[in-house]
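# Inside the fold
Okay, here's what each chain looks like letter by letter:
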Amino acid sequence: MSASPQDFLAVSHPQATPHANTAGYSKHSQPRLAKDWFYHPELDAIRLFLFFGVWAYHALPKDAGFYVLHHLPPPLAWVITGIIKAGMCSLDVFFILSAFLITELLLRERESRGVVDLKAFYIRRLLRIWPLYFFVIALAAVLSIVDRSQQVGWAYALAFLLFSGNWMMVLHGLSGASIIVPLWSVSFEEQFYLLWPLALRSISRTTIVRVVIGLLVVAAVARFILLLEHQGPERIWFNSLARLDSIAFGILLAVIFHGRALLRIGLPARLALLLAGISAWVVVGHYCGLADPITPLVGGMIGYPLMSLGGVAIFLSVLGAARDGAPFMRNSLLVYLGKISFGLYAYHLLGLRFSNYLFGNFNRFGSLLSWVFALAFTFLLAIVSFKWLEGPFLRLKRSKFTHIPSGPAC
């Protein structure tokens, strides 16, 4: 099942994308000790739902006419396509999670140890991200040998190897190898991981807030310039400078909640926040034109911040939910599937591509078979990868280089 260039705009990566340590808040602000566990299971669980948003955007038809043709009422077709289009925004919660968790963990480490251990931090990121990241690049290289339509190209391969694949796509468009396109968000987050700990070693909370404001201003100005020049959607979507909103909001949330008690707002308020966030995303998907051949100026200037603010609402609806009216968010299976979301994200276009090879010529029920197989294949790859490829590196990370435990105490 092939996808248009615009279809790839929503690709992102979950481990937060799914890269950061999953974490939560202590109920007590003092004392902050390295031995304290720092974990919210719902921040793992939400990743699975976000993955489904990304997957649906890339796999399912986004034209309401398709569903009307299959005998669904037009209003229902509009709702379905609105939800599918909203999936393009899912990656912004991954960015919020990454910035929030990294900032909170580093603040805790700075308070408990008096200093941020930069070497240990970078080793943790390396052990978490690099094995799967480089494995997917290798898979793309192998696939290009047997499928001439999936050529990586030396320039793209080198850019992704240097964690600048998103900038390569800003300058030269999407890679010919579709399965590495999701790695753009990993490149973006790695750039954040490289720079933010250096800044966070000594700056005050007031300075952090000023940095947040600066990031929001940079993002708005970058988008305004690109939109005035009538640039294509890829030049904005993959551009690190234009996508800083969610990173900034994640940092700000970490500062706001740092040292405070667990968020308790009740289930009705959480449902209201969730509905508000999803509604904002539906508006972005239906009306802002972020995936149009030329993104409209007003739609672009409103759509990107609204996408991030919707992500903030969804994040707040989830934070602390397992102890505040939604205990299912700590379900062990749901949490496990969220933990493997980095693999789900990294492999999902490979799953769709392979499924298209098998079922692309089926006329009757071909699409349904393709979707089911693609999901099953993606989950199988992610489970195997998490156990045998990522697992050994994750155990090494936890045992040798972790100062602030950020997983279940088991």
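Residues numbered from 1 in each chain as written. Predicted model: local features only at pLDDT ≥ 70, side-chain atom pairs only at ≥ 80, totals over all residues. Heavy atoms only, no water.

## Describing the overall build of the protein
When helices and strands are tallied, the protein shows 16 helices and zero strands. Buried residues in the protein amount to 57% of all 410 residues. Contacts in the protein between residues at least 24 apart in sequence constitute 80% of all its contacts with a sequence separation of at least 6. Summed over its atoms, the accessible surface of the protein is roughly 16900 Å², and 71% of this surface lies on carbon and sulfur atoms. (Helix = DSSP H or I, 4+ residues; strand = E, 2+ residues; numbered from the N terminus. Buried < 20%, exposed > 50% of the residue type's maximum accessible area, 1.4 Å probe, protein only. Contact = heavy atoms within 4.5 Å. Areas by Shrake-Rupley, 256 points an atom, 1.4 Å probe, with all protein chains shown as cover.)

## Quick look at the confidence of the model for the protein
Confidence in the prediction for the protein averages 88 pLDDT; 88% of positions are at 70 or higher. Predicted confidence for residues 1–8 stays below pLDDT 50, and this span has 23 contacts to residues more than four positions away or in other chains. Taken as a whole, residues 15–35 scores under 50 in pLDDT and shows 99 contacts with residues more than four places along the chain or in a different chain. (pLDDT = per-residue confidence, 0-100.)

## Points about a nonpolar patch on the surface
A surface patch of nonpolar side chains, amounting to about 580 Å² of accessible area, comprises Leu76, Trp78, Val79, Ile83, Val283 and Tyr287. When residues of the nonpolar patch are traced back to their parent elements, those giving at least two are α3 (74–86) and α12 (267–287). Within the secondary structure, Val283 sits in helix α12. (Patch = residues over 30% accessible without salt bridge, like charges linked within 9 Å, V, L, I, M, F, W, Y side chains within 5 Å. Salt bridge = Lys/Arg side-chain N within 4 Å of Asp/Glu carboxyl O.)

## A short note on the side chain of Ser240
Relative to the assigned elements, Ser240 resides in the loop between α10 (233–237) and α11 (245–257). For Ser240, a relative accessible area of 7% corresponds to the buried category. Within the local environment of Ser240, its side chain forms a polar contact with the side chain of Trp167, the two groups lying 3.4 Å apart. Residue contacts for Ser240: discarding those within four places in its chain leaves Asn166, Trp167, Phe188 and Gln191. (Polar contact = N/O pair within 3.5 Å; in protein donor to acceptor, adjacent residues only side chain to side chain.)

## Examining the packing of aromatic side chains
Going through the model one piece at a time under the given rule, you end up with 23 aromatic pairs. Measuring from centroid to centroid gives 6.1 Å for Phe95 and Trp184, while their planes differ by 80 degrees, and the two rings are edge-to-face. Placement of Phe95 in helix α4 (residues 90–113) and of Trp184 in helix α8 (residues 184–200) is noted, with a sequence separation of 89 residues between them. Taking the relative accessible area as the measure of exposure, Trp184 reaches 0% and is therefore buried. Measuring from centroid to centroid gives 6.3 Å for Trp184 and Phe188, while their planes differ by 15 degrees, and the two rings are stacked. Of this pair, Trp184 and Phe188 both sit in helix α8, four residues apart, roughly one helical turn. An aromatic cluster is present here, built from Phe95, Trp184, Phe188 and Phe238 joined pairwise through their rings. Here the basic side chain of Lys62 rests over the ring of Tyr57, its NZ or CZ set 4.5 Å away from the ring centre. Between the NZ or CZ atom of Arg125 and the centre of the ring of Tyr193, over which it lies, the distance is 5.3 Å. (Phe/Tyr/Trp six-rings, centres within 6.5 Å; stacked < 30°, edge-to-face > 60°. Lys NZ or Arg CZ within 6 Å of the ring centre and 35° of its normal.)

## Here we look at the environment of Arg201
Note on placement: Arg201 falls in the loop between α8 and α9 (205–228). According to the relative accessible area criterion, Arg201 is partly exposed, its value standing at 43%. Separated by 86 residues in the primary sequence, Arg201 and Val115 have C-alpha atoms spaced 6.8 Å apart. In terms of polar contacts, Arg201 uses its side chain to reach the backbone carbonyl oxygen of Leu198, at 3.3 Å.

## Re helix α15 (residues 341–359)
Helix length check: α15 (19 residues) gives 25 Å between terminal C-alpha atoms against 27 Å at 1.5 Å per residue, within 8%. Of all the bends in α15, the greatest measures close to 45 degrees and is centred on Tyr347. In terms of burial, α15 is a largely internal element, 15 of the 19 residues being buried. (Expected span 1.5 Å × (residues − 1). Bend = angle between axes of the 7 residues up to and from the residue.)

## Quick word on the nonpolar core
Counting residues in hydrophobic clusters, the biggest one holds 114 residues, and the most contacted among them are Trp184, Trp237, Ile251 and Phe315. If you tally residues by element for this core, the top one is α4, at 12 residues. (Core = buried A, V, L, I, M, F, W, Y, C linked by side-chain atoms within 4.5 Å.)

## Some words on the environment of Ser98
With respect to the helices, strands and loops of the structure, Ser98 is situated in helix α4. Relative accessible area serves as the criterion here: at 0%, Ser98 is assigned to the buried category. C-alpha separation for the pair Ser98 and Phe192, spaced 94 residues apart in sequence, amounts to 9.3 Å.

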